[in-house]
Amino acid sequence: MNLRQEFVSASILLTLLLPYQLHSQVQAPVKVGKWGLWEASLKSAHRYFNPFTEVTIIATFRSPSGKTWTVEGFYDGDRVWKVRFMPDEVGQWRWFIRAEPPDERLSASGRFECISSQLRGPIRVYSPNPLWFSFADGTPVYLLSFHLWNLDAMDEKTLAKTLDFLKAKGFNAIVGPHLTPERAPWEQSSDGPIAFDRFNLPFWQGLDRALRLMSERGMVLIPFSIIGGTNRSPKVPDEDKLDLLLRYWVARWQGFWNATFQPTSEWEEGYSDQEILEIGQRLHELTHGRFLISVHSLRASSENVQRAKWFNYHTVQDKLDDWNFGKFVWFAELFRRVPKPIFAHECLWEGNFYQREAGLDIDNLRRAAWVIALKGGQINYADEVVPPRRWQRDEDVGVTFSELGMAIKPLGQLYDALSHLAHFMRSLPFWRMQPQPEITSTKVCLAELGRTYAVYAPKGGTVQLDLTKTEGSLKAQWFNPRAGNWVEVGFVSGGSVREFTAPDRNDWVLLVRR
């Protein structure tokens, strides 16, 4: 081929490629880790009156094994649309993006390589023992969560410092945000009605920031309320606008391994069983079943909701508003009736105005936390203590650590006790254990029969443990839930009911294992 022929061939190739490069204006990675965030950005030349409704972005992904996924993109401001995806197979992926109705700059296609990464994928129910959670790769995970009301509105520096503090204390999940008139998913002018077909981009971008910062720290986000309709927040007026909101929410979050979906709080205040069942099912369809879904209840949801396929775990509200720390024993029966994980979402909120003095008593809170844990529950804690140290009143808005994070000093006193609890639980093969109240005198026991027994003695004393069906020798220790240290007991033989005496009259955890 001579020089002229090479020039003509190059000109033809440039002519073929140039329209794609100019019209698509796409920015997309060519390499991403397994379970990582793949994100494409496309900018339209058109200015739509309502970009949230006038254009739908549809993306199809084809995995190395040939499986296809179809997802939607979302509008992110300044004539930019984005598509997010989380690949779950190593190898070459193909992707195709189109707009309906057609928009030449919102259409593109390409490839990317998915490579191995250290990410373990989104949280799932651990199928061998559905009391617990695991990552998508099968690794069990014990959740300890913290409640941040305004995580979407925190500046990046404050939120990062807050997450670092919590991670150091053993927390690996965050619950939030809570909607307010000023912080809602929809646009609203200062003197006008809510535009339920337009979305509040600073709110959603704030949640993106939170998801990214949490992902960097290995932390999971469990939303408290996104769609509203309860707790004095507005309810979407019709099915079409509700579906628009659900689609937009999923489109923004579907690329984050650490996302979960929980549509609203105290759902019984604003929705019927049928409405919430339809919302949960729609989220399940939109997420392709890849993410955890539940809904926050006034107590533990109706049985119709609990048994729904999309309802992955129990979200429990049972505030510790007295000194009956043993009240959470009902968790074991809840699991036996509907075997799904139990998330103690709104039970231990230190300083909460419903819990009052009982919610400031650290001994009471700690004992309740251990009852929850050894009944199979996983805890969401809130620090709502008002300076210098009192429980929250109605007028106390924007003054607590759960609202402001590291903009103020944490005032709660339960952090270290929860850190000890999480360390203890993660040291066990908890994913093989279940509540076994009938084998111990305290009725608070988590066990893998024949191998591992964790028994809570809230006031020390003598503990009886039935080891009649356990053979051989086992090691016994006492764990101090106040200080996190161990006291050795020695070895015991199975084959009968054994008695163990705690070191003192404080609360202790007996651990007997092979």
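Residues numbered from 1 in each chain as written. Predicted model: local features only at pLDDT ≥ 70, side-chain atom pairs only at ≥ 80, totals over all residues. Heavy atoms only, no water.

Scanning the protein chain from terminus to terminus reveals ten helices and 27 strands. Computed over the C-alpha atoms, the radius of gyration of the protein chain is 26 Å, within 12% of the 24 Å expected from 2.2 N^0.38 for a compact globule of 514 residues. Along the first, second and third principal axes, the C-alpha atoms of the protein chain reach 95 × 60 × 40 Å. The proportion of buried residues among the 514 residues of the protein chain is 57%. Restricting to contacts in the protein chain with at least 6 residues of sequence separation, those with at least 24 account for 70%. Looking at the protein chain as shown, the accessible area adds up to about 21400 Å², and 51% of this sits on carbon and sulfur atoms. For the protein chain, the centre of its 60 positive side-chain charges and the centre of its 59 negative side-chain charges are spaced 6 Å apart. (Helix = DSSP H or I, 4+ residues; strand = E, 2+ residues; numbered from the N terminus. Rg over C-alpha atoms; globule rule 2.2 N^0.38 Å. Buried < 20%, exposed > 50% of the residue type's maximum accessible area, 1.4 Å probe, protein only. Contact = heavy atoms within 4.5 Å. Areas by Shrake-Rupley, 256 points an atom, 1.4 Å probe, with all protein chains shown as cover. Lys, Arg positive; Asp, Glu negative; His and termini not counted. Charge placed at Lys NZ, Arg CZ, Asp CG, Glu CD.)

Viewed as axis vectors pointing N to C, helix α3 (residues 201-216) and helix α4 (residues 239-253) meet at an angle of 35°, and their least axial separation amounts to 11 Å. When the axes of α3 and α4 are compared, the crossing they make is right-handed. Contact with α3, carried on its side by Leu201, Trp204, Gln205, Leu207, Asp208 and Leu211, involves Leu245, Tyr248, Trp249, Arg252 and Trp253 of α4 and no other residues of that element. Grouping the constituent residues of the contact of α3 with α4 by class yields eight nonpolar, one polar and two charged. (Axes fitted to C-alpha atoms, helices over the stretch in contact; angles between N-to-C directions. Left-handed = near helix turned anticlockwise from the far one by under 90°. Nonpolar A, V, L, I, M, F, W, Y, C, P; charged D, E, K, R; others polar.)

What follows deals with the side chain of Asp318. Looking at the secondary structure, you find Asp318 in the loop between β17 (314-317) and α7 (330-337). In this structure the side chain of Asp318 is engaged in a polar contact, spanning 2.9 Å, whose partner is the side chain of Trp330. The contacts of Asp318, once residues within four sequence positions are left out, are Arg299, Lys327, Phe328, Trp330, Glu346 and Cys347. (Polar contact = N/O pair within 3.5 Å; in protein donor to acceptor, adjacent residues only side chain to side chain.)

The next thing to look at is the confidence of the model for the protein chain. Low pLDDT marks regions whose predicted coordinates should not be analysed in detail. Scored by pLDDT, the protein chain has a mean of 94; 95% of the residues are at 70 or more. Below pLDDT 50 for its whole length, residues 1-23 participates in ten contacts with residues either more than four positions away or in separate chains. (pLDDT = per-residue confidence, 0-100.)

Here we come to the packing of aromatic side chains. Evaluated as defined, the whole model comprises 50 aromatic pairs. Aromatic pair Trp149 and Phe224: ring centres 5.6 Å apart, planes at 75°, arrangement edge-to-face. Of this pair, Trp149 sits in the loop between β12 (144-147) and α2 (156-168) while Phe224 sits in the loop between β16 (220-222) and α4, and the two are 75 residues apart along the sequence. Note on Phe224: relative accessible area 1%, which makes it buried. (Phe/Tyr/Trp six-rings, centres within 6.5 Å; stacked < 30°, edge-to-face > 60°.)

Where α2 contacts α3, the two axes come as close as 10 Å, and the packing angle between them is 35°. Viewed along their axes, α2 and α3 form a crossing whose handedness is right-handed. Across from Glu156, Leu159, Ala160 and Leu163 in α2, the residues of α3 making contact are Arg209, Ala210, Leu213 and Met214. Here the contact of α2 with α3 is built from residues that sort into six nonpolar, no polar and two charged.

By size, the foremost hydrophobic cluster in this structure holds 144 residues, and its most contacted members are Trp38, Phe61, Ile174, Trp204, Trp253 and Met425. Once you skip the residues sitting within four places of it in the chain, Trp204 turns out to touch Pro185, Phe199, Ile226, Leu245, Tyr248, Trp249, Arg252 and Trp253. Membership of the second largest hydrophobic core comes to 18 residues, among which are Ile439, Cys445, Leu474 and Val492. (Core = buried A, V, L, I, M, F, W, Y, C linked by side-chain atoms within 4.5 Å.)

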